[in-house]
Amino acid sequence: MSAESSPVTLPCATSEAQGVPSDAILAFVHAAHERVGGLHAFTLVRHGHVIAQGAWAPYAADRRHMLFSLSKSFTSTAVGLAVSE
């Protein structure tokens, strides 16, 4: 079965229920807007639950678009996790 025919869906939860203050997520969104200025969309997952997501016009969460440097994001996350351990 292809990934197109069976999309993965994750359960949703409030950020507070997963240990993340909602005001911290809002601060991240504001900081990203000020410092990066070009977010298309983001999804925040904690403990297997979607706790926040958003998209900025003309982009939408349900529309595909090109991703660049994604492997660098995964690599830097892995390095951060390794350092913390």
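Residues numbered from 1 in each chain as written. Predicted model: local features only at pLDDT ≥ 70, side-chain atom pairs only at ≥ 80, totals over all residues. Heavy atoms only, no water.

Let's talk about the overall build of the protein chain
When helices and strands are counted, the protein chain shows 2 helices and 2 strands. Counted from the first residue to the last, the protein chain has its helices and strands arranged as α-β-β-α. With respect to the principal axes defined by its C-alpha atoms, the protein chain has extents near 35 × 30 × 30 Å. The proportion of buried residues among the 85 residues of the protein chain is 12%. Sequence-distant contacts in the protein chain: of pairs separated by 6 or more residues, those separated by 24 or more amount to 45%. For the protein chain, the accessible surface area stands at approximately 7000 Å², while carbon and sulfur atoms represent 61% of it. In the protein chain, which carries 5 positive and 6 negative side-chain charges, the distance between the mean positions of the two groups comes to 8 Å. (Helix = DSSP H or I, 4+ residues; strand = E, 2+ residues; numbered from the N terminus. Buried < 20%, exposed > 50% of the residue type's maximum accessible area, 1.4 Å probe, protein only. Contact = heavy atoms within 4.5 Å. Areas by Shrake-Rupley, 256 points an atom, 1.4 Å probe, with all protein chains shown as cover. Lys, Arg positive; Asp, Glu negative; His and termini not counted. Charge placed at Lys NZ, Arg CZ, Asp CG, Glu CD.)

Focus on the pairing of strand β1 (residues 41-46)
Pairing geometry for β1 and strand β2 (residues 49-55), over 6 bridges, is antiparallel. Note on β2: the bridge partner recorded for L44 is A52. From the end of β1 to the start of β2, which pair antiparallel, there are 2 residues, and H47 there has a positive phi angle of about 55 degrees. (Pairing = 2+ DSSP bridges.)

Details of unusual backbone geometry
Comment: phi is negative for the bulk of residues other than glycine, and the bulk of peptide bonds are trans. Put simply, A57 and P58 share a cis peptide bond, and its omega is 10 degrees. Here P58 lies in the loop between β2 and α2 (70-84).

Side note on the environment of T9
Mapped onto the elements of the fold, T9 is located in the segment before α1 (22-35). The spatial distance from the C-alpha of T9 to the C-alpha of E34 is 31 Å, given a sequence separation of 25 residues.

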